[in-house]
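# Tertiary structure, described
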Amino acid sequence: GAPSDKLRLSGRFIWAPISDEGALPAFTETTATPQQALIGGQTLRGPAFLSQQGGRQNSNNIGGSAVWTPTSKFVVNVRAGRTFLNEKLGSYGIPNTIRYLCSAASSASEAALHGCAIGQQNFLTNFQTPFDVSTRKTFDADASYLVSGLGGRHAFKGGFQYNGISNTTEQGYADIGQLTMIWGTQTIVDQTGQAAAPGAVGVGILTRFGTIGQASSANNAIYFQDSWQPTSRLSLNFGLRLEHETVPSFSEANPGITFGWGSKPAPRLGFAYDLTGDGKTKLFASYGWFYDRFKYELPRGSFGGDFFRRDWFDLFPGDTWNSITLSQIIGSFNDAPFGAGCISDDPTVFIAPGARSRCQADFRIPSNLVGDNLFTSGAVDPDLKAARQSEFTAGLERELGHGLLFRGRYTHKNVDRAIEDIGIPTPAGSEAYIIGNPGFGLADKTATDFGYPSVKAVRKYDAMELQLDKRFAKNYYFNANYTFSRLKGNYSGLASSLEFGRTSPNVSRLFDLPWQAFTLDGDPIDGRLPTDRPHVFKFYGAYTANWGGKQSTEFSGFTTAASGTPLTSVITLYSLNPTIVNGLGDLGRTETFTQTDFAVRHKIRFAEKYTLVAEMDFLNLFNEQNELQRQTTISPNNMSAANFVAYGCSACTGEVAMINQIFANGIRDAVLGFINDPARPDRRQTTFNLANGFQTPREIRFGFRLIF
């Protein structure tokens, strides 16, 4: 609406819930792995169980804006909004009771004596999600003012931004647990090192996990910029942005992180110059620093949101696979910080009165505990700096006539600092994590003190782009562009392509232990990252045929051809995958990717105000089947130092000794010796280096629209 000729108002409300009524089977059903649930006291299987599955995701968005133009030289914009999301898809029909699993590592005959078959479980999951609510509130206000004089023409602009986020969640199985039982092949000594109780025939492992709590944060920003035109041919752009951001803690007793107003200075510098003076050739360049708002993955996992405990206990001949309860395992233990540890080798000593558990480990000790030491809970670097990327761009544009425009542009992007959880082995044989900047501050000092290399996060992108653009005229237009680029480093960003696309911002696996940024020979892995595509060509164009003024048909197409992406041999070492064997890209690349899409839109106009549109989209028109990925993990085994002692690494007596060996002489030969032992062919993936991901087949979509 426009209440006056100087004020425009707009508002919107979007209500977009998703309701999922039932689920499809994820795999073939068998008696050993039934899909079943205890709902209303009744055991459901197959379709009866799946019909109870599903969930609801409530989502809405409300917002508004105002634009005020009191004079021809002064403009004020104000925008505000609120979004709400409750992620509960897949949360219905989940049993609220302990889940029992008969481990595949068990002896089949011993498991049968206790009422279960190898791999048997009473249901697939008991991961509950009562709620996971995220709310975002935003407010933006800016003003622009045009000035003549002061050495030319100026367009001043300044503004304020507020972005507030809150998350309230309760999810997981922290209060009900999952119990894995290993019968006949292992006892507690194989899991914790404690002596097994007399007569024990197995070991039970209780896992409890959940994300529980509430937290909120705010990002405030102010900025000012000036677009200055000192002459008719030259424009200069100057800007500065400052931010104040809080990173929340899900534990009220422990602090989050605060980036003050001076912590994230973001300058912007740029120019544009009319090279030939006729308005047809533009030379331009820009430079800036860029920051991102902190995601909640790290606060939820490392600042008290996650609860993750494991208990180990003896199994005896009188136990059955689904008779042991949670209260029997932990007794009166109150889940104090740090867990109870492995109490004693004496099988009569337990973590608490009335408990069967002899050992409890806490895998989510908050890294921001007040007054704790680095080797108990980790630490937040007191001099933590905000993650920053710098960017430089320079280019040339030239109008060629006949509606053609040529552009050439060079871009360089560099991650100056990242924020990650950086792991170090502790004297107790576990790991502690520093929330810091890899290669800087506390992470650098700790690595140096332990004699390990200090590693910075490296991600550098360089690209040259050439583009030819044909504006719409004579019923057609097109755009063709070619990019030559390289993407190098050891850090693949917040969405980690080095981890097969894992999205855990700021808590990737890439710095979890000292060897992660190195090969098994101790060489830095700096090289072409998994999303590197040196050559990319794209073409898009359309032609419109008019039929007598009332009807028209648009034919459009898009085609792309791009280099394949690098492939790297990896293993799982101390549960960390990828651990890189030889170096980035040692397996070459996937094949060149090509795809052509085509679309037809036919419009019929009638009754002056109405248009009927019939459309067809052909995705992957030629039904190409390009390889997109391969199996790059060499072995299915999760390896540790002890695996390599018999294969030439006599010094691999433990995690710390193995790390020292990596940087001294390397352990690649010992690792490959373990994997390629002809007596154990099961240690090597039979599908290694074979394609396991392909282009989506041809799709044809039909649609109709009425425009009025």
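Quick look at the structure, then. Model, not experiment: these values are computed from the prediction.

## Topic: helix α9 (residues 668-675)
In an α-helix, one turn spans 3.6 residues; hence positions three or four apart end up facing the same way. Of all the residues in α9, the buried ones are A670, V671, F674 and I675. Projection of α9 onto a plane perpendicular to its axis shows the buried side chains occupying an angular sector of 135 degrees, all on one side. Buried residues along α9 sit against β31 (570-573) and β36 (633-639).

## Quick look at the sheet that holds strand β19 (residues 379-380)
Here three strands make up an open sheet; going across it, the order is β19-β23-β22 and the pairing mixed. Both edges of this open sheet fall to β19 and β22 (420-425), since each of them pairs with a single strand only. Strand direction decides the pairing type here: β19 and strand β23 (residues 431-436), joined by two bridges, are parallel. Along β23, the bridge assignment pairs A379 with I434. Its contacts with the sheet place helix α7 (residues 441-450) against β19, β22 and β23, and it is angled at close to 15 degrees to β22.

## Considering the state of the cysteines
Inspection of every chain in the model, using the stated rule, returns three disulfides. Disulfide pairing is shown between C102 and C116; the S-S distance is 2.2 Å. Given an S-S torsion of about 45 degrees, the disulfide between C102 and C116 has right-handed geometry. Of this pair, C102 sits in strand β7 (residues 99-102) while C116 sits in the loop between α2 (108-113) and β8 (128-148), placing them 14 residues apart in sequence.

## With respect to the pairing of strand β30 (residues 551-562)
As paired elements, strand β29 (residues 535-547) and β30 share twelve bridges and run antiparallel to each other. If you follow G541 over to β30, its bridge partner there is G557. In this structure, β30 lies alongside strand β33 (residues 593-606), joined through twelve bridges in antiparallel fashion. When the sheet's bridge partners are listed, A561 is paired in β33 with T594.

## A closer look at empty space enclosed by the protein
Tallying each qualifying case throughout the model produces three cavities of 30 Å³ or more. As for the largest cavity, its lining consists of 18 residues, of which I422, A447, P453, V455 and P514 are closest to the centre. Listed by contribution, the elements that provide at least two residues to the lining of the largest cavity are β22 and α7. Considering every element that reaches the lining of the largest cavity, the biggest residue donor is α7, with four residues. By residue class, the composition of the lining of the largest cavity is 13 nonpolar, four polar and one charged. Of the volumes computed, that of the second largest cavity is approximately 60 Å³. Contributing to the lining of the second largest cavity are N163, I165, S217, A218, N219, E245, R293, F294 and Y296. Only β9 (153-172) and β11 (202-231) provide two or more residues apiece to the lining of the second largest cavity. Among the elements that take part in the lining of the second largest cavity, β11 stands out by supplying three residues, more than any other. Among the residues making up the lining of the second largest cavity, the classes are represented as four nonpolar, three polar and two charged.

## Thoughts on the layout of surface pockets
Roughly 450 Å³ of internal volume is contained in the second largest pocket. S497, F500, P530, L567 and T632 are the residues nearest the centre of the second largest pocket, which is lined by 23 residues in total. Counting residues per element, the ones that place at least two in the lining of the second largest pocket are β32 (576-580) and β35 (627-630). For the lining of the second largest pocket, the leading source of residues is β35, giving three residues. When the residues that make up the lining of the second largest pocket are grouped by side-chain class, the tally is ten nonpolar, eleven polar and two charged.

## Quick look at the sheet that holds β36
Judged by pairing direction, the sheet is mixed, and its three strands sit side by side in the order β32-β31-β36 without closing on themselves. Here the strands that pair on one side only, and so sit at the sheet edges, are β32 and β36. This sheet shows a mean twist of 25 degrees between the axes of neighbouring strands, independent of strand direction. As paired strands, β31 and β36 are joined by three bridges and run parallel to one another. Each bridged residue has a counterpart across the sheet, and for V570 the counterpart in β36 is T633.

How each quantity is defined
- Residues numbered from 1 in each chain as written.
- Predicted model: local features only at pLDDT ≥ 70, side-chain atom pairs only at ≥ 80, totals over all residues.
- Heavy atoms only, no water.
- Buried < 20%, exposed > 50% of the residue type's maximum accessible area, 1.4 Å probe, protein only.
- Helix = DSSP H or I, 4+ residues; strand = E, 2+ residues; numbered from the N terminus.
- Arc of directions from axis to C-beta.
- Contact = heavy atoms within 4.5 Å.
- Pairing = 2+ DSSP bridges.
- Axes fitted to C-alpha atoms, helices over the stretch in contact; angles between N-to-C directions.
- Disulfide = S-S within 2.5 Å.
- 1 Å grid on protein atoms, 1.4 Å probe; cavity = no way out; pocket = protein on both sides within 12 Å on 5 of 7 lines; lining within 4 Å.
- Points joined across faces, edges and corners; volume = space filled by probe spheres on them.
- Nonpolar A, V, L, I, M, F, W, Y, C, P; charged D, E, K, R; others polar.

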